[in-house]
Amino acid sequence: MSSPARSPAKAESAWLTSNDTPFLSDIETLRKRARNHIDQGPVTEGYGADVAVVVKLLNEALATEIICTLRYRRHYFMAKGIHAEAVAPEFLEHATEEQQHADQIAERIVQLGGEPNFSPEGLATRSHAEYVEGGSLIEMIKEDLVAERIAIESYLEMINYLEGKDPTTRRMLEEILAKEEEHADDLNSLLEGLQVK
Ligand SMILES: [Fe+2]
Ligand SMILES: [Fe+2]
C-alpha cells in the first residue's frame, strides 16, 4: 500500500511561511533535539532549570510531606479530650492530603528522570518540617501549625526559584502551596475555637 500523499515536511512548512525569524524553534530542530535526548524523558534542552537541583529540592519536599503525613496520623490516633471528636477528623484529612502531595511529588521526580527517596534513613533530616508528637491536643495543633508554616515558606522559595524555568513543577507546587495555606488556616481556626490564641 502506498503512503499517503501528505508529506510531513510540507505540513511543517505551513508553520513557517513568514520570512521573519520564527519565535519558536522550527519543528525539525525541535524533533532532532528530542531524538538526541530521548533517554531524558520529558526533560528537553528548553528545560530552564538545573534538573539535579530540582530533583534534590523535590526530594526534600517529599521527605517533608512524608513526615507531615506521619505526624498527622500520630495526632489522629492520639487525639484525646472533649474536643478530640472535632479535631481528630481534621488531622486525618490533613494526613491524607499530605500523602497525596507526597505521591504527586514522587511522580514528578520520576518524570524528571530522578528517583524519589523514600528511605526511612535520614528522612527527618531531609524534611524541612519536624516530627513532633505533642502531648495535649492544643500542643499537637500548634506543632502542626508550625510545620505548615515551614512548608509554606519552603514551597514559596521553590516556586520563586522555578520561575520561568520549569512551569510544570512550579504549577504543581503552587497547587500544593494553596493546600498547605488551607491547612494552616484550618489549624488557626481550631486554635481559635479552643480559645487558646
Ligand atoms: Fe502537603
Ligand atoms: Fe499541610
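This text goes with the structure placed above it.
Read on for a plain summary of the structure. (Residues numbered from 1 in each chain as written. Chains lettered and ligands numbered in written order. Predicted model: local features only at pLDDT ≥ 70, side-chain atom pairs only at ≥ 80, totals over all residues.)

1. Some words on the overall build of the chain
Then, in step 1: When its secondary structure is counted, the chain shows seven helices and zero strands.
Then, in step 2: Secondary structure elements in the chain, listed N-terminal to C-terminal, are α-α-α-α-α-α-α.
Then, in step 3: Expressed as a percentage of its 197 residues, the buried residues of the chain come to 27%.
Then, in step 4: Put simply, 70% of the contacts in the chain that link residues at least 6 apart link residues at least 24 apart. (Helix = DSSP H or I, 4+ residues; strand = E, 2+ residues; numbered from the N terminus. Buried ≥ 20, exposed ≤ 12 C-beta atoms within 10 Å, placed from the backbone. Contact = placed C-beta atoms within 7 Å.)

2. Regarding the packing of helix α3 (residues 51-78) against helix α4 (residues 84-111)
Then, in step 1: At a minimum axis distance of 8 Å, the contact between α3 and α4 shows a crossing angle of 160°. When the axis of α3 is compared with that of α4, the two are roughly antiparallel. The hand of the α3/α4 crossing is left-handed. (Axes fitted to C-alpha atoms, helices over the stretch in contact; angles between N-to-C directions. Parallel < 35°, antiparallel > 145°, perpendicular 65-115°, else oblique. Left-handed = near helix turned anticlockwise from the far one by under 90°.)

3. Digging into α4
Then, in step 1: Between its first and last C-alpha, α4 extends 41 Å over 28 residues, near the 40 Å set by a 1.5 Å rise per residue.
Then, in step 2: Of the positions making up α4, those classed as buried are V87, E90, F91, H94, E98, H101, A102, I105, A106, R108 and I109.
Then, in step 3: Residue G113 follows α4 closely and has a positive phi angle near 90°. (Expected span 1.5 Å × (residues − 1).)

4. Digging into helix α7 (residues 167-193)
Then, in step 1: The end-to-end C-alpha separation of α7 is 39 Å, in line with the 39 Å expected for 27 residues at 1.5 Å each.
Then, in step 2: T169, M172, L173, I176, E180, H183, L187 and L190 are the residues of α7 that are buried.
Then, in step 3: Buried residues in α7 make contact with α3, α4 and α6 (137-162).
Then, in step 4: Taken from the residues just after α7, Q195 is the one with a positive phi, measuring 55°.

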